[in-house]
Amino acid sequence: MINVTIVVSEEEVKKRLGALASRSGAVIARAANRSIDTGKKAIKQETANVYNVRQKDANDILKVTRATSKRPYVTLTYKDAHQNLYHFGRKTSLSPRYIVQSSDPASADPEYVKAKVMRRHGPQALEERPKPFVQQAKSGNIALFQRTSNASKAPLRGVAAPSLPQIIKNDEVLARFNRDAGSMFSKRLVHEIDNVLKGVTK
């Protein structure tokens, strides 16, 4: 689990509010809550730009704890387990997707499967040994499996994709978050302070 937290010096805000310093918590909370919406959008968009996942995939694991006047900071938490590569992101992440028809080395069908985890990279053939293949488990679940050894009757294990929290930790994704959320926070903080000083908000 990874936490991303936006926080600001309340003492500095109190100085800028002057006689209305008691409203600092509410001012910071409103600015932080607005900025986290921008930051969350940035994470979803950039994650989908860099990796072969949908914005919805990232959105589903993002949890926001909003700021209040008594707790004037906002926290964005994301936590998820490793999915099987077959179920990772967009359907183009793995091809072909049909259940293995033949594992005979002389006439394998498919010859191998390809994975496309990064959007900017082409599909990569999974040719390592033992060769991964799509199969339906006894539970009925279809997934990508690999034997634990080259023996034909060796036990199966699932082939995992990168976890979404690992993906979100990508430098490009976090840089976009810090840039967009930080910029919005600074703008909203000035705006909220002005509104209090002008009597627009309490």
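Reading guide: rules and limits
Residues numbered from 1 in each chain as written. Predicted model: local features only at pLDDT ≥ 70, side-chain atom pairs only at ≥ 80, totals over all residues. Heavy atoms only, no water. Core = buried A, V, L, I, M, F, W, Y, C linked by side-chain atoms within 4.5 Å. Buried < 20%, exposed > 50% of the residue type's maximum accessible area, 1.4 Å probe, protein only. Helix = DSSP H or I, 4+ residues; strand = E, 2+ residues; numbered from the N terminus. Contact = heavy atoms within 4.5 Å. Salt bridge = Lys/Arg side-chain N within 4 Å of Asp/Glu carboxyl O. Phe/Tyr/Trp six-rings, centres within 6.5 Å; stacked < 30°, edge-to-face > 60°. Lys NZ or Arg CZ within 6 Å of the ring centre and 35° of its normal. Pairing = 2+ DSSP bridges. Axes fitted to C-alpha atoms, helices over the stretch in contact; angles between N-to-C directions. Expected span 1.5 Å × (residues − 1). Polar contact = N/O pair within 3.5 Å; in protein donor to acceptor, adjacent residues only side chain to side chain. Parallel < 35°, antiparallel > 145°, perpendicular 65-115°, else oblique. Left-handed = near helix turned anticlockwise from the far one by under 90°. Nonpolar A, V, L, I, M, F, W, Y, C, P; charged D, E, K, R; others polar.

**Regarding the nonpolar core**
Core analysis: the biggest nonpolar cluster contains 40 residues, and Leu85, Leu94, Leu144 and Leu189 have the highest contact counts within it. If you list the elements that add at least two residues to this core, you get helix H1 (10-17), helix H2 (24-50), strand E3 (74-78), helix H4 (164-168) and helix H5 (171-197). Examining the composition of this core, we find that 8 residues originate from one element, H2, more than from any other. What leucine 94 contacts, discounting residues up to four positions off in sequence, is Leu85, Tyr86, Val113, Lys114, Ala115, Leu126, Val134 and Leu144.

**Considerations on the pattern of salt bridges**
For the structure on display, the rule yields 10 salt bridges. Notably, a salt bridge pairs arginine 176 with glutamate 46, separated by 2.9 Å at the nearest N-O pair. Of this pair, arginine 176 sits in helix H5 while glutamate 46 sits in helix H2, placing them 130 residues apart in sequence. A residue is classified by how much of its surface remains accessible, and glutamate 46, at 12% relative accessible area, is buried. Overlapping salt bridges, with partners in common, bring together Glu46, Arg176, Arg179 and Asp180 in one network.

**Structural notes on the packing of aromatic side chains**
Taken as a whole and assessed by the stated rule, the structure comprises 0 aromatic pairs. The residue whose ring lies beneath arginine 71 is tyrosine 73, and the NZ or CZ to ring-centre distance is 4.7 Å. The aromatic ring of tyrosine 86 is capped on one face by arginine 97, whose charged end is 4.1 Å from the ring centroid.

**Looking at the sheet that holds strand E5 (residues 114-115)**
The strand order across the open sheet formed by 3 strands is E4-E5-E6, and the pairing between neighbours is antiparallel. Both outer strands of the open sheet, strand E4 (94-95) and strand E6 (124-125), are each paired with one neighbouring strand and no more. Summarising the sheet, E4 and E5 pair through 2 bridges and their orientation is antiparallel. Along E5, the bridge assignment pairs leucine 94 with alanine 115.

**Digging into the sheet that holds strand E7 (residues 133-136)**
Strand order in the open sheet made by the 3 strands is E7-E8-E9, with antiparallel pairing throughout. In this open sheet, the two edge strands, each paired with only one partner strand, are E7 and strand E9 (156-158). Neighbour to neighbour, the strand axes of the sheet diverge by 55 degrees on average, direction disregarded. Two strands pair when backbone bridges link them, and E7 and strand E8 (residues 142-147) are joined in this way by 4 bridges, in the antiparallel orientation. Along E8, the bridge assignment pairs glutamine 136 with isoleucine 142.

**Details of H5**
Taking 1.5 Å of rise per residue, the 27 residues of H5 would be expected to cover 39 Å, and the 38 Å separating its terminal C-alpha atoms lies within 8% of that figure. Among the residues of H5, those classed as buried are Val173, Arg176, Phe177, Ala181, Met184, Phe185, Arg188, Leu189, Glu192, Ile193, Asn195 and Val196. At the N-terminal end of H5, a side-chain oxygen is found 2.7 Å from the backbone nitrogen of glutamate 172, two or three residues along, and the residue is asparagine 170. Positive phi shows up at glycine 199, right after H5, with a value of about 80 degrees.

**Regarding the packing of H1 against H5**
In the contact formed by H1 and H5, the axes pass within 10 Å of each other and the chain directions differ by 40 degrees. Taken as axis vectors, H1 and H5 run oblique relative to one another. Crossing of H1 over H5 shows right-handed handedness. Here Val13, Arg16 and Leu17 of H1 come into contact with H5, specifically with Leu189, Val190, Ile193, Val196 and Leu197. Split by residue class, the contact of H1 with H5 holds 7 nonpolar, no polar and 1 charged.

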